[in-house]
Amino acid sequence: MMHLLLRITRFIEDSTMILLVSIMILVAGMQIILRNLFDTGFGWSDPLLRIMVLWVGLVGAMAATRERRHITVDILSRFLPARGKMVSGIIADTASAVVCGLLAWHSAHFVLEEYQGGAAAFDAVPAWACEVIMPIGFAVMALRFFLSMIDRITHPRQAEQSA
Amino acid sequence: MIITLLLVVLALLGAPLFVVIAALAMIGFHSQDIDLSAVSIEFYRLAEMPILLAIPLFTFAGYVLSESGAPHRLVRVTQALFGWMPGGLAIVSLVACAIFTSFTGASGVTIVALGALLYPALRQAGYHERFSLGLITTSGSLGLLFAPSLPLILYGVMVQQLGVGRPITIDELFLAGVLPGLLMVVLLSSWGIWSHRKVTLQRFSWREVRDATWEAKWEMPLPVIVLGGIYSGYFAVSEAAAVTVLYVLLTSVLLYREIPLRRLPKIMHESMMMVGAILLILGMSLASTNYLIDTEVPNKLFEVIRANISDKLTFLILLNIFLLILGTMLDIFSALVIMIPLLLPIAVGYGIDPLHLGIIFLANMEIGYFTPPVGMNLFISSYRFNKPVMELYLTTIPFFLLMLLSVLIITYWPALTLWLPSLHR
């Protein structure tokens, strides 16, 4: 069950990312052609691109969490023995899950307030719809850090190799 | 104080840096009785900076380039042009790596994509193994000072967000990096020429120049269009990034047919993981920086330092030592977002131009890429060429000394950095 759920989120995440990057390239390209050849442009393309940067960033970060590719300082753990690495990994993952959980909770709070306020980001697009990726993204990351922590405890060897 | 210490330990244990910065911001806001959704509000500012569009676009373009045949063609053209000179192939390597790194943002792909071509070529041409390995390992970060490198853009974004000192533009920053970057390339090239003055040379051939250029005909205009567009002010940085992506896709997918369409999703995935990692740290640092400014930490720090160091020169010496040590421990993006909010107000207090600080900072970080214990280039080289990290470290020592010399010249001769931007104004 959990496995299926993870595969579904993974599929949604990967397709969203590809869609976002493709649209981003197309809109940014179109904007330049319109500006230079026809001296015109669409008012929505600038705010759309800016919001897409946020979305791409968070979706990319979700994927980076899945593959343990976040930027870390990692001076100490490199030199720890296997058992020490496992312990440090568990501590780091737990802390990360808690922090991401808090971020998700407070982002959700922020988005809810914006929803009730009813402000628009641009044209007819409501602000909350642009911001909603924040609680989703941090919640997925919190879940992934939690699962990674469980994985380190139940499969110490495997987790070591994949890290 | 105890909390800060705990957070440092957490970072050392391997928690992602964005988690540590986010925790710092949350603790900060909490201690001031500010609702924690303030962190989300600050993070959302990522969607309010048009310049940031350049980050995903340039990163994607860089990843596509490194998977195409562009590295091969770049080496061939530079070899045809410089191969006949004494130390020519060393110059080829340095120039090719610098150009490539400025477009790929020193993410380590330079060593993987170019090193694999250059190392056998260097060895075949009679360059010592130690020299060749040292050169490739060092070159992996060369070019960070040239437009459109991501760290340069990120520094500009940080300074604009902080609003301390003279306001600077990314364009100015791109101009500021040109001469210091060239200084590094020239110094390292001179060493290549001097140390291999007896190596037999390849004959110069107009035919090879013509053939190599013809083979690279579709890519040759790219640096001209992008750099010309940015420096002439015709393109904004994010527009230049969009042009780069479209151009790179056109050449590598349609004209050279080296990257099949079905490969693009994989490249998008790889590159966006890196983008996500960078943007997340940047977004969290927007929140923590705001807290830092509110509590006047940088100002207090400046007062303490000011009370002990009276002149600019001593400060610059200490700054260099500090940054060199920092560069051995932190990667460039983390170092930027953590240190710039603290360093910029202090440096401005000593009358250092923000452009100059940026170039000093990045130049020091370039060295950090190949110094132990965590120099990323050492590990990538070690992996790629199957050599122990310590051995590689020893091969980079002459290059380290030359880079150190360039850093010192850059630091104590501000005009080198500031002259070109001053013409622009």
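In this text, all values refer to a predicted model and were calculated from it rather than measured experimentally.

Caption draft 1: Molecular detail of the pattern of salt bridges. Residues and elements named next belong to chain B. A full pass over the atoms with the stated rule returns 18 salt bridges over all chains. Across the pair E208 and R76 runs a salt bridge, and its minimum N-O distance is 2.9 Å. Of this pair, E208 sits in helix α11 (residues 206–215) while R76 is found in helix α5 (residues 70–82), placing the two residues 132 residues apart along the sequence. Assessed through its relative accessible area of 27%, E208 is described here as partly exposed. For the salt bridge of R76 with E215, the shortest nitrogen-to-oxygen distance reads 2.9 Å. Here the residue R76 occupies a position in helix α5, and E215 occupies one in helix α11, the gap between them amounting to 139 residues. A relative accessible area of 24% places R76 in the partly exposed class. Take E215: its relative accessible area is 27%, and that puts it in the partly exposed class.

Caption draft 2: How the structure looks around helix α1 (residues 2–38) of chain A. All names here are of chain A. With 37 residues, α1 ought to run about 54 Å at 1.5 Å a step, and its terminal C-alpha atoms sit 52 Å apart, in line with that. Restricting attention to buried positions, one finds in α1 the residues E13, M17, L20, V21, M24, I25, V27, A28, G29, Q31, I32 and L34. Immediately beyond the C-terminal end of α1, within one or two residues, lies D39, with a positive phi of roughly 55°.

Caption draft 3: Region of interest: the confidence of the model for chain B. Residue-level pLDDT values for chain B average 88, and 98% of them are 70 or greater. Across the whole predicted complex the pTM is 0.88, and at the interface the ipTM reaches 0.92.

Caption draft 4: The arrangement of the packing of helix α17 (residues 332–349) of chain B against helix α18 (residues 354–368) of chain B in detail. Residues and elements named next belong to chain B. At their nearest, the axes of α17 and α18 sit 11 Å apart, and the two run at 145° to each other. The two elements α17 and α18 cross, and the hand of that crossing is right-handed. Note on element contacts: α18 touches α17 through P354, L357, F361, L362 and M365, opposite I332, A335, L336, M339, I340, L343, L344, A347 and V348. In terms of residue class, the contact of α17 with α18 is made up of 14 nonpolar, no polar and no charged.

Caption draft 5: Focus on the packing of helix α6 (residues 88–104) of chain B against helix α8 (residues 129–139) of chain B. Residue and element names in this part refer to chain B. At a minimum axis distance of 9 Å, the contact between α6 and α8 shows a crossing angle of 20°. On the basis of the axis angle, α6 is roughly parallel to α8. In this structure, the crossing between α6 and α8 has a hand that is right-handed. Judged by residue contacts, A90, S93, L94, C97 and T101 of α6 engage F131, L135 and S139 from α8. For the contact of α6 with α8, a count of residues per class yields 5 nonpolar, 3 polar and no charged.

Caption draft 6: How the structure looks around the side chain of T110 of chain B. Residue and element names in this part refer to chain B. Note on placement: T110 falls in helix α7 (residues 109–124). Within the structure, the side chain of T110 is placed 2.9 Å from the side chain of T101, a separation counted as a polar contact. Look past the residues within four positions of T110 in its chain and what remains in contact with it is C97, F100, T101, T104, G115, S139 and G140.

Caption draft 7: Spotlight on the nonpolar core. Among the nonpolar cores identified, the biggest contains 200 residues, and F138 and M141 of chain A together with F60, I153 and F361 of chain B are the most heavily contacted of them. For this core, the leading source of residues is helix α14 (residues 264–294) of chain B, giving 17 residues. If near-sequence neighbours (up to four positions away) are discounted, F138 of chain A is found in contact with L58, C100, L103, A104 and S107 of chain A together with F43, L280 and M284 of chain B. Of all hydrophobic cores here, the second largest spans 5 residues; its members include A80, V209, A212 and A216 of chain B.

Caption draft 8: Spatial organisation of the layout of surface pockets. Residue and element names in this part refer to chain B. The computed volume of the second largest pocket comes to approximately 1,200 Å³. Contributing to the lining of the second largest pocket are 40 residues, with T4, V8, I338, M339 and L342 lying nearest its centre. Contributing elements (two or more residues each) for the lining of the second largest pocket: α1 (2–12), α2 (17–31), α14, α15 (297–308), α16 (312–329) and α17. In terms of residue class, the lining of the second largest pocket is built from 34 nonpolar, 6 polar and no charged.

Caption draft 9: Highlighting the packing of aromatic side chains. Residues and elements named next belong to chain A. Enumeration over the complete set of coordinates arrives at 11 aromatic pairs over all chains. Centroid distance Y115 to W128: 5.2 Å. Interplanar angle 85°. Geometry classified as edge-to-face. Of this pair, Y115 sits in helix α3 (residues 82–117) while W128 sits in helix α4 (residues 127–131), and the two are 13 residues apart along the sequence. Residue classification places W128 among the partly exposed positions, given a relative accessible area of 30%.

Caption draft 10: Spatial organisation of the side chain of T59 of chain B. Residues and elements named next belong to chain B. Tracing the chain through its elements places T59 in helix α4 (residues 54–67). T59 gets classed as buried once you look at its relative accessible area, which sits at 6%. Among all residues touching T59, those that are not within four sequence positions of it are L150, S271, M274 and V275.

About the criteria used
Residues numbered from 1 in each chain as written. Chains lettered and ligands numbered in written order. Predicted model: local features only at pLDDT ≥ 70, side-chain atom pairs only at ≥ 80, totals over all residues. Heavy atoms only, no water. Salt bridge = Lys/Arg side-chain N within 4 Å of Asp/Glu carboxyl O. Helix = DSSP H or I, 4+ residues; strand = E, 2+ residues; numbered from the N terminus. Buried < 20%, exposed > 50% of the residue type's maximum accessible area, 1.4 Å probe, protein only. Expected span 1.5 Å × (residues − 1). pLDDT = per-residue confidence, 0-100. Axes fitted to C-alpha atoms, helices over the stretch in contact; angles between N-to-C directions. Left-handed = near helix turned anticlockwise from the far one by under 90°. Contact = heavy atoms within 4.5 Å. Nonpolar A, V, L, I, M, F, W, Y, C, P; charged D, E, K, R; others polar. Parallel < 35°, antiparallel > 145°, perpendicular 65-115°, else oblique. Polar contact = N/O pair within 3.5 Å; in protein donor to acceptor, adjacent residues only side chain to side chain. Core = buried A, V, L, I, M, F, W, Y, C linked by side-chain atoms within 4.5 Å. 1 Å grid on protein atoms, 1.4 Å probe; cavity = no way out; pocket = protein on both sides within 12 Å on 5 of 7 lines; lining within 4 Å. Points joined across faces, edges and corners; volume = space filled by probe spheres on them. Phe/Tyr/Trp six-rings, centres within 6.5 Å; stacked < 30°, edge-to-face > 60°.

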